[in-house]
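This is what each chain is made of:
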Amino acid sequence: MNQYISDNKDRFVNELLDMLRIPSVSADPKFKQDVLRTAEFLAQKLTEAGADKVEICETAGYPIVYGEKIVDPSLPTVLVYGHYDVQPADPYELWNSPPFEPVIKDGKIYARGACDDKGQMYMHVKAFEVMMRNNALPCNVKFMIEGEEEVGSANLATFVKNNREKLKGDVILISDTGMLANDVPSITTGLRGMSYMEVEVTGPNRDLHSGLYGGAVANPINVLCQMIASMHDENYHITIPGFYDNVQELSQEERAEMARAPFSLDAYKKALDLGDVQGEAGYSTMERTSIRPTLDVNGIWGGYIGEGAKTVIPSKAFAKISMRLVPNQTSEEITEKFTKHFESIAPASVKVVVKPHHGGEPVVTPTDSVAYQAAAKAYEETFGVKPIPVRSGGSIPIVAMFKSELGLDSVLMGFGLDSDAIHSPNEHFGLFNFMKGIETIPLFFKHYAEMSR
Ligand code: BES
Ligand code: MN
Ligand code: MN
């Protein structure tokens, strides 16, 4: 198989570059045709790789690309999940090369989606091709690649509920996370959940001259800032009543185990150009970004932000606020607690409206499963060292949904790095990582099939 991989490396990369040229931004309706075109591209590639029953499954939103290869119904079935949509590329001016004109520089592919998730998802399509061409597909495989992950996967749950039979399998395999470093492979064993809110604060019923009214009526931006600031105390604990009620505390042993993963605070600060880090007292940076819940403002606006100065007390102020959740918080519970709290702290001088956006549940995946062991063995063979299990701070809400709807655990075999700048300008993915994925995935299939017997 390795011979086939090296013989076809350039074509594998070029195909990925072709897909990266299609701007499949799910958040912006302007790119609708491009998102649909990406689904077609993918369906074509799955067919060429040897998949049967390839189908572009319509949903109320963007379609799900399906394909399968059933070698023998008595063998286990791996369900591969990924997403072909990408985040918006804004701000364009901060890219060193255009986001949808991929370039390879210093061994890395630069483009929106290079890592999240086109590059990582395409490793599976190519790994499948490798196994097919070498008569080495040791068990069944089903692909389910969606186009709405970056906007909350609103239609995937319905698709899963309506297609239980079609999606019948034994384990979900996903490459949409990262690893610690290229020489420190790791397997993600947890993801945070999410409650995403939007708030609107209204002061006076119209914009006012700040000289005539300033000091006498509430400025909704000032009020919103105060309200937001009050949601963390001096120890950076979140002050929403009951917010931590269901948070699962880790034992000292578990925390000590976590602390063994290599991490340099100096390198971390340096990489982000930070004078210091900041976060919840009593927890390390690794813990703050994995096993602890957070509350962050993602955007805030209102008033005058044009050229020059305008003296005005705006009528309204807005913010988008997201909370990352950990077991056993639920997005429903936290959404409710946030809403109640935000309304209760609003002074009588303003009115507030709280609107929930999407949510998702946190998840922890087992490390004692056959699938995890198979993945660990595969990494060990291609990287030469045992992978470390690590809980990640990011969210893939469908992982908890697969567990609740299909009863299936996921294995999160990520090959990206935190430094790949996903969702940021100059997103990239190492050729090393792309090729390592294509080498490691067939080994997972091999060990999983063998160890399942
Ligand atoms: N692939 C990411 C999630 C991720 C990245 C998890 C790296 C772990 C490590 C995914 O595409 C993503 O961006 N998820 C969103 C949530 C979604 C509901 C918009 C996120 O985490 O913000
Ligand atoms: Mn992703
Ligand atoms: Mn993403």
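Residues numbered from 1 in each chain as written. Chains lettered and ligands numbered in written order. Predicted model: local features only at pLDDT ≥ 70, side-chain atom pairs only at ≥ 80, totals over all residues. Heavy atoms only, no water.

Where an unreviewed UniProt entry is consulted, the protein chain appears under the name Dipeptidase, with the organism given as Pontibacter ruber.

Draft legend 1. Focus on the layout of surface pockets. Put simply, the second largest pocket is a space of about 460 Å³. For the second largest pocket, the lining is made up of 16 residues, of which T189, E257, M258, P389 and R391 are closest to its centre. Those elements that place two or more of their residues in the lining of the second largest pocket are α6 (252–258) and β16 (388–391). Looking at the lining of the second largest pocket element by element, the count peaks at 4 residues for β16. Split into classes, the residues belonging to the lining of the second largest pocket amount to 7 nonpolar, 4 polar and 5 charged. (1 Å grid on protein atoms, 1.4 Å probe; cavity = no way out; pocket = protein on both sides within 12 Å on 5 of 7 lines; lining within 4 Å. Points joined across faces, edges and corners; volume = space filled by probe spheres on them. Helix = DSSP H or I, 4+ residues; strand = E, 2+ residues; numbered from the N terminus. Nonpolar A, V, L, I, M, F, W, Y, C, P; charged D, E, K, R; others polar.)

Draft legend 2. Quick look at the domain arrangement of the protein chain. If you check the domain split of the protein chain, you get domain 1 (2–191 + 362–451) and domain 2 (193–247 + 293–360). Each of domain 1 and domain 2 has a C-alpha centre, and the two are 36 Å apart. In this complex, domain 1 contributes 10 residues to the contact, which on the side of domain 2 involves 10 residues. Buried area between domain 1 and domain 2, both sides added, is near 650 Å², and the carbon and sulfur share of it is 62%. When residues of domain 1 are sorted by the area they lose upon contact with domain 2, P362, S395 and P397 head the list and together hold 62% of the total. Applying the counting criterion to the domain 1 and domain 2 interface returns 0 salt bridges. Linking domain 1 with domain 2 are 1 residue pair in polar contact (both at pLDDT 80 or more), by the criterion used here. (Domains from an automatic or database assignment. Contact = heavy atoms within 4.5 Å. Buried area = accessible area lost by both parts, 1.4 Å probe. Salt bridge = Lys/Arg side-chain N within 4 Å of Asp/Glu carboxyl O. Polar contact = N/O pair within 3.5 Å; in protein donor to acceptor, adjacent residues only side chain to side chain.)

Draft legend 3. Just the UniProt feature "domain: Peptidase M20 dimerisation" (unreviewed entry) in the protein chain, in detail. The positions that UniProt labels "domain: Peptidase M20 dimerisation" (unreviewed entry) are, in the present scheme, residues 190–347. This span, residues 190–347, is 28% helix and 22% strand, and a straight line between its end C-alpha atoms measures 39 Å. (UniProt positions renumbered as here; feature names shortened; annotations may be inferred.)

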